[in-house]
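Per-entry structural report
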Amino acid sequence: MKVVFATGNAHKLQEINEIAVGTDIEFVLPPEGFDPVEDGETFEENSLIKAREAARLSGMMSLADDSGLCVEALNGAPGVYSARYAETAQGRIEKLLDVLKDTDNRKAKFVCVMTLVDADGKVLFQTRGECHGEIAREQSGVNGFGYDPIFLIGSTTMAEMSEDEKNEISHRGKALRNVLEFLQNLA
Ligand code: IMP
């Protein structure tokens, strides 16, 4: 079964398909021109906007994710604004370390919401995966992307984990496994 995955990022598509190995589900990119305006205030709203736009363009069942980092001491910020917190990935890491430099409460979570819609944009399934950890005092590791170098699980940052280790515990891995279970029961 082919399902459109609402992203313009071929690397993300590859990661998703790796988690789906062993199922008969293949995720494919949306048609050219996919450029939704992510102006929702929640992960749920933004993933629905993306999924509906992919379904509108492709006429196929479509899945979208929306994710971000929520820091407890910042009342959940940067949240849906994680990608726009500062201009570059390194800038975002440095800004967060600086904002939290006098804060002892380092608790944080990565959140990923996935929304699956049919070809007409009707919601079939929505699920949320969370991964709880802490913000490190300094960055470490070179794997992954985004805030991975400062996101600690125990004493290891996500950027020090292999892709397989991260997929096992990550917000995105958890949400996608829920979606795969739903899709397999649909077939
Ligand atoms: P989006 O869901 O692709 O819009 O991503 C939102 C932003 O959240 C990304 O640009 C990253 O800054 C951050 N983010 C989401 N998931 C992860 C992750 O697994 N590791 C590190 N940063 C992440």
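Structural data are supplied above this passage.
Residues numbered from 1 in each chain as written. Predicted model: local features only at pLDDT ≥ 70, side-chain atom pairs only at ≥ 80, totals over all residues. Heavy atoms only, no water.

Buried within helix α1 (residues 10–19) are the following residues: K12, L13, E15, I16 and I19. The buried residues of α1 occupy an angular sector of 160° when the element is viewed end-on, so they sit on one face. Where α1 is buried, its residues contact β1 (2–5), β2 (26–28), β3 (62–71), β4 (107–117), α4 (163–169) and α5 (171–186). Capping of α1 at its N-terminal end is provided by N9; its side-chain oxygen lies 3.1 Å from the backbone amide nitrogen of K12. (Buried < 20%, exposed > 50% of the residue type's maximum accessible area, 1.4 Å probe, protein only. Helix = DSSP H or I, 4+ residues; strand = E, 2+ residues; numbered from the N terminus. Arc of directions from axis to C-beta. Contact = heavy atoms within 4.5 Å. Polar contact = N/O pair within 3.5 Å; in protein donor to acceptor, adjacent residues only side chain to side chain.)

We now examine a negative patch on the surface. Among the surface-exposed residues, E18, E163, D164, E165 and E168 lie close enough to one another that they form a single negatively charged patch. With four residues, α4 is the largest single contributor of residues to the negative patch. Note that E168 resides in helix α4. The class for E168 is exposed, based on a relative accessible area of 58%. (Patch = residues over 30% accessible without salt bridge, like charges linked within 9 Å, V, L, I, M, F, W, Y side chains within 5 Å. Areas by Shrake-Rupley, 256 points an atom, 1.4 Å probe, with all protein chains shown as cover. Salt bridge = Lys/Arg side-chain N within 4 Å of Asp/Glu carboxyl O. Lys, Arg positive; Asp, Glu negative; His and termini not counted. Charge placed at Lys NZ, Arg CZ, Asp CG, Glu CD.)

This part takes up the packing of α1 against α5. Interaxial distance between α1 and α5 falls to 10 Å at its minimum, and their mutual angle equals 60°. Viewed along their axes, α1 and α5 adopt a mutual orientation that is oblique. Here α1 runs over α5; the crossing is right-handed. Residues K12, I16 and I19 of α1 form the contact with α5, whose participating residues are R172, G173, L176, R177 and L180. Classifying every residue of the contact of α1 with α5 gives four nonpolar, one polar and three charged. (Axes fitted to C-alpha atoms, helices over the stretch in contact; angles between N-to-C directions. Parallel < 35°, antiparallel > 145°, perpendicular 65-115°, else oblique. Left-handed = near helix turned anticlockwise from the far one by under 90°. Nonpolar A, V, L, I, M, F, W, Y, C, P; charged D, E, K, R; others polar.)

For the rest of this paragraph, the subject is the packing of aromatic side chains. Taken as a whole and judged by the stated rule, the model has three aromatic pairs. With a centroid separation of 4.6 Å and 10° between ring planes, the pair formed by F125 and F182 is classed as stacked. On the criterion of sequence distance, the pair formed by F125 in strand β5 (residues 123–135) and F182 in helix α5 is long-range, its members being 57 residues apart. (Phe/Tyr/Trp six-rings, centres within 6.5 Å; stacked < 30°, edge-to-face > 60°.)

Glancing now at the site of the ligand. Around the ligand sit 14 residues, and of these K12, S67, D148, K166 and R172 come closest. Y147 has a polar backbone atom sitting 3.2 Å from a nitrogen atom of the ligand. H171 is positioned with one of its side-chain polar atoms (N or O) 3.1 Å from a nitrogen atom of the ligand. About the coverage of the ligand: the protein hides 88% of its 490 Å² of free accessible area. Those elements that place two or more of their residues in the shell around the ligand are β3 and α5. (Near = heavy atom within 4 Å.)

A few words now on the pairing of β5. Bridge count between β4 and β5: eleven bridges; the pairing is antiparallel. In the strand pairing of β5, V113 is matched with R128. Connecting β4 to the next strand, β5, in antiparallel fashion are five residues, including G121 with a positive phi near 90°. For β5 and strand β6 (residues 151–153), the ladder comprises two bridges, and the chain directions are antiparallel. Across the sheet, E134 pairs through a bridge with L152, a residue of β6. (Pairing = 2+ DSSP bridges.)

Moving on, we get to the sheet that holds β5. The strand order across the open sheet formed by seven strands is β2-β1-β3-β4-β5-β6-β7, and the pairing between neighbours is mixed. Whereas interior strands pair on both sides, the edge strands pair on one side only; in this sheet they are β2 and β7 (156–157). Of the strand pairs in this sheet, β1 and β2 are connected by three bridges, and their pairing is parallel. Paired with V4 across the two strands is V28, which belongs to β2. Docked against the sheet, helix α2 (residues 43–58) engages β1, β3, β4 and β5, running at close to 155° with respect to β3.

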